[in-house]
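Examination of the molecular architecture
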Amino acid sequence: MNIENIIRDKIAEAIQNLYQHTIDSISVQVAKTKKEFEGDFTVVAFPFLKISKKTPEQTAGEIGEYLIGNIKEISRYNVIKGFLNIVVSNGYWLTFINEINAVTDYGYNKPGKNKKQIVVEYSSPNTNKPLHLGHIRNNLLGWSVAEILKANGKNVVKVNLVNDRGIHICKSMLAWQKWGNGATPQSTGTKGDKLVGDFYVKFDNEYKSEIGNLISKGFSEDDAKKNASLIIATQELLKKWEAGDDEVRDIWKMMNGWVYKGFDETYKKMGVDFDRTYYESDTYQLGKAIVLEGLKKGILQKKDDGSAWIDLTQDGLDEKLLLRADGTSVYMTQDIGTAVQRFNEFNIDKHIYVVGNEQNYHFHALSLVLNKLGYNWSKDLYHLSYGMVELPEGRMKSREGAVVDADDLIDEMILTAREISKELGKLDGVTAEEAEKTYKMIALGALKYFILKVDPKKNMLFDPKESIDFNGNTGPFIQYTYARICSVLRKAKEQNIVVPSSIDTETILNGKEIEILKLIYEFPSVVKEAGKEYSPALIANFVYELTKEYNQFYHDFSILKEENPKIRDFRLILSKTASRVIKSAMGLLGIEVPEKM
RNA sequence: GGUCUCGUAGCUCAGUUGGAUAGAGCAACAGCCUUCUAAGCUGUGGGUCGUGGGUUCGACUCCCGCCGGGAUCACCA
């Protein structure tokens, strides 16, 4: 049983014995003691004053006295202004580290017998442009959240839904037909997704200039947009695609093929993967039958032109279109269909959509619509809504090419990592291949940590001019700490010092060592909280705190040169355990850690 | 206009379900490598937590108003 629960129980017991009043032990708040006070855990006495009818100091003192007498793991306490600070004995911490040394996956919950699955849908790219920094945030978040849920013992399915059809891809196709001269990735030496993206931008530029021309000829802006020959030709292309026109389908397949190859490369570089990939060209017809059924039941309304609507005004939203007058489906229709499909296909406990907060309204509506249609699992849908990545000049706009390209960014990071490493001469002793692997590890570590350390819900800023740091609160800092520990353990081995599997529980500890132990102790609850909140940021902030603390310890105390063998052994175990936790935590973020850097 | 969000040091971000004197990193300045990796460590300066009320023993945290930024309210996805 963990010490906080023991304290909770005993406090409830103390209240009962001292003041003849029954309270629920889980309602007792046990917090970490602030750095500037002596103690490990703090209990605030104020909530008990009504029960004790005494001053805060008296109440805290009486409870403290009771705890000393009844919990052997507590060595002493102090009271400051109604705050009861509890000091846990060295013996407890030493027993704790011995215990976790015996387990291999400390901090993780074993997969339960529960066969229910959690589906995490993320990435979900459009096939008309390459991935950019916004997609990076999405992918890293989705992947990491899936890993964190696995660490919480959940049965997770990672899913991608590729938006491979629609007006946007037709724009790239039309531009390729008109101005492409048969260009292919091979003929141009361009990565497939980039090539298709270039045609998308080309389309947009030509379209804009056509609109400009029309406006100068007296068209209103709206009319110009609707009547431009380019947009009309694009719509024709879409119609042909929907009709299954062979030529159009062939171009579509070819160009999407280029894009997939490009995406796969980027995914691989980022280290994200999926258990299943769906394509909207297969699923975009889903949902129609459900909507028609809803009409029949009178849950949905049909307008005069034949379009189908749902009225969400009671829920504070508006009326929402579910089927066009011509019977074709819209975004919402498809999402209804795919949701139903997923719940048929999997035994779903929770379905998580990792999608930007610009679609909050859509997912709010989606869950209401499904609920009204009678699917009681609509409450199990969860929109993991993350904030936008903004540039100093505002949002990224892919049509205008004002984006930070994913591949470029990663490549630049690798370049920087290589430069810094060479400058510091850190990898002089290793093979070129090994060094190259480490540069990539560091570059991705920096990028992933930079993104994941921020609370997913919040918008974040990325300034390309101030490239991502490698010092301070960064991925490389944490990786460096790991490498340092590995180095110490290597040296120990060279000196034939064996790290013992357990340690004498009478060993005397210093304050820094206890601080590190306390952080290691917190790891499981951080994993749990991160799972509950779907927040890799909690893991990132935790592991930073741990490494910061470790670096201070490393600086202030020597390990291998420590003369007292018991203390030396303890420090080795402590270091090894810290490195294990660092590696696990970083693993949950998708960040690898090097043994040398 | 409706709905939803965000506002913490010059900049980027933390701040557990309300708890003690609001913390890190970067940037600036000053120190520390014959000692287990200096991608490190130590110190200094830097704040009316947007603002005004309210609830509370106690508010960065909860409630209301206002100011400022963002998103969304498409027969786009």
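Residues numbered from 1 in each chain as written. Chains lettered and ligands numbered in written order. Predicted model: local features only at pLDDT ≥ 70, side-chain atom pairs only at ≥ 80, totals over all residues. Heavy atoms only, no water.

**Considering the overall build of chain A**
Helix and strand counts for chain A come out as 21 helices and 15 strands. With the C-alpha coordinates of chain A rotated into their principal frame, the extents come out at 85 × 65 × 45 Å. Within chain A, the proportion of its 597 residues that are buried is 52%. Sequence-distant contacts, at least 24 apart, represent 75% of the contacts inside chain A between residues at least 6 apart. Summing over all exposed atoms, chain A offers an accessible surface of approximately 28500 Å²; the carbon and sulfur share of this is 49%. (Helix = DSSP H or I, 4+ residues; strand = E, 2+ residues; numbered from the N terminus. Buried < 20%, exposed > 50% of the residue type's maximum accessible area, 1.4 Å probe, protein only. Contact = heavy atoms within 4.5 Å. Areas by Shrake-Rupley, 256 points an atom, 1.4 Å probe, with all protein chains shown as cover.)

**Side note on unusual backbone geometry**
Look at Lys-53: it is not a glycine, yet its phi comes out positive at around 55°. The topology assignment puts Lys-53 in the loop between helix H2 (49–52) and helix H3 (56–70).

**Topic: the sheet that holds strand S1 (residues 30–32)**
With antiparallel pairing, 4 strands are arranged side by side in an open sheet as S1-S2-S4-S3. If you trace the sheet from one side to the other, it starts and ends with S1 and strand S3 (74–80), each paired once. Averaged over neighbouring strand pairs, the angle between their axes works out to 30° when direction is ignored. Judged from the 4 bridges that link them, strand S2 (residues 41–44) and strand S4 (residues 83–88) form a sheet pairing that is antiparallel. (Pairing = 2+ DSSP bridges. Axes fitted to C-alpha atoms, helices over the stretch in contact; angles between N-to-C directions.)

**Concerning the domain arrangement of chain A**
Looking at chain A, the domain boundaries give domain 1 (3–88), domain 2 (166–272), domain 3 (288–328) and domain 4 (406–588). One C-alpha centre belongs to domain 3, the other to domain 4; they are set 54 Å apart. (Domains from an automatic or database assignment.)

**Side note on the protein's contact with RNA strand B**
Around RNA strand B sit 64 residues, and of these Asp-305, Asp-318, Lys-426, Tyr-480 and Phe-557 come closest. Taking the atoms of RNA strand B that fall within 4 Å of the protein, sugar and phosphate contribute 65% of them. Here Lys-548 contributes a side-chain N or O atom positioned 3.3 Å from a phosphate oxygen of RNA strand B. Put simply, the parts of the chain that give the surface near RNA strand B at least two residues each are S2, S4, helix H16 (406–424), strand S15 (460–461), helix H18 (475–494) and helix H20 (536–556). Looking at the surface near RNA strand B, its residues break down into 28 nonpolar, 17 polar and 19 charged. (Near = heavy atom within 4 Å. Polar contact = N/O pair within 3.5 Å; in protein donor to acceptor, adjacent residues only side chain to side chain. Nonpolar A, V, L, I, M, F, W, Y, C, P; charged D, E, K, R; others polar.)

**Here we look at the sheet that holds strand S14 (residues 394–395)**
Across the sheet, 3 strands lie side by side as S14-S13-S15; this open sheet has mixed pairing. Each of the sheet's edge strands pairs with one partner strand only, and the pair in question is S14 and S15. Relative to S15, strand S13 (residues 389–391) is paired through 2 bridges, and the arrangement is parallel. Counterpart to Val-389 in the pairing with S15 is Met-460.

**What about the side chain of Thr-333?**
When you line up the elements, Thr-333 lands in helix H14 (residues 331–345). Within polar-contact distance, the side chain of Thr-333 engages the backbone oxygen of Leu-322 at 2.4 Å. Those residues in contact with Thr-333 that sit more than four places away from it in its chain are Leu-286, Gly-287, Lys-288, Val-291, Leu-322 and Leu-323.

**A few points about the pattern of salt bridges**
Here the structure, examined in full by the defined rule, presents 38 salt bridges. Linking Asp-504 and Lys-566 is a salt bridge whose minimum nitrogen-to-oxygen distance equals 2.5 Å. Taken together, the residues Asp-504 in the loop between H18 and helix H19 (511–533) and Lys-566 in helix H21 (residues 565–588) connect sequence positions 62 residues apart. When the shortest N-O distance is used, the salt bridge between Glu-549 and Lys-512 registers 2.7 Å. Note that Glu-549 is positioned in helix H20 and Lys-512 in helix H19, a separation of 37 residues in sequence. Its relative accessible area of 5% is what places Glu-549 among the buried residues. (Salt bridge = Lys/Arg side-chain N within 4 Å of Asp/Glu carboxyl O.)

**Quick look at the packing of aromatic side chains**
Per the counting criterion, the structure on display carries 26 aromatic pairs. Ring centres of Phe-96 and Tyr-106 lie 6.2 Å apart, and the angle between their planes is 70°; this geometry places the pair in the edge-to-face category. Residue Phe-96 is found in helix H4 (residues 90–101), and its partner Tyr-106 is found in the loop between H4 and strand S5 (117–121); the two are separated by 10 residues along the sequence. Tyr-106 sits in the buried class, given a relative accessible area of 12%. On the basis of an interplanar angle of 45° and a centroid distance of 4.9 Å, the ring pair of Tyr-353 and Phe-363 is categorised as tilted. (Phe/Tyr/Trp six-rings, centres within 6.5 Å; stacked < 30°, edge-to-face > 60°.)

**Notes on the nonpolar core**
Core analysis: the biggest nonpolar cluster contains 153 residues, and Ile-7, Trp-93 and Ile-520 have the highest contact counts within it. Filtering out sequence-adjacent residues up to four positions away, Trp-93 remains in contact with Asp-40, Phe-41, Val-88, Leu-509, Ile-514, Leu-517, Lys-518 and Tyr-521. Formed by 34 residues, the second largest nonpolar core is a distinct cluster that contains Leu-295, Ala-308, Leu-368 and Leu-370. (Core = buried A, V, L, I, M, F, W, Y, C linked by side-chain atoms within 4.5 Å.)

**Observations concerning the packing of helix H5 (residues 133–151) against H19**
One way to put it is that H5 packs onto H19 with a least axis distance of 9 Å and a crossing angle of 125°. As the angle between them shows, H5 and H19 are arranged oblique. Relative to H19, the crossing made by H5 is left-handed. Of the residues in H19, those in contact with Ile-148, Leu-149 and Ala-151 of H5 are Val-527, Ala-530 and Gly-531. (Parallel < 35°, antiparallel > 145°, perpendicular 65-115°, else oblique. Left-handed = near helix turned anticlockwise from the far one by under 90°.)

**Here's the deal with a nonpolar patch on the surface**
The grouping of Val-44, Phe-46 and Phe-83 at the surface amounts to a nonpolar patch, some 240 Å² of accessible area in total. The residue Phe-83 is located in strand S4 in this model. (Patch = residues over 30% accessible without salt bridge, like charges linked within 9 Å, V, L, I, M, F, W, Y side chains within 5 Å.)

**Re H3**
For the α-helix, the turn length of 3.6 residues means that residues three or four positions removed from each other point alike. Here H3 contains 15 residues, and its C-alpha end-to-end distance of 21 Å stays within 8% of the 21 Å for a straight helix at 1.5 Å per residue. Restricting attention to buried positions, one finds in H3 the residues Pro-56, Thr-59, Ala-60, Gly-61, Ile-63, Gly-64, Tyr-66 and Leu-67. Where H3 is buried, its residues contact helix H1 (3–19), H2, S3 and S4. (Expected span 1.5 Å × (residues − 1).)

**A word on the pairing of S3**
As defined by bridge partners, S3 adjoins S4 across 6 bridges and the pair is classed as antiparallel. Bridged to Asn-78 within S4 is Asn-85. Counting the residues between successive antiparallel strands, the hairpin from S3 to S4 contains 2 residues, one of them, Lys-81, with a positive phi of roughly 45°.

**Points about the side chain of Glu-513**
Structurally, Glu-513 can be placed in helix H19. Contact partners of Glu-513, with chain neighbours within four places excluded, come to Ile-508, Phe-553, Phe-570, Arg-571 and Leu-574.

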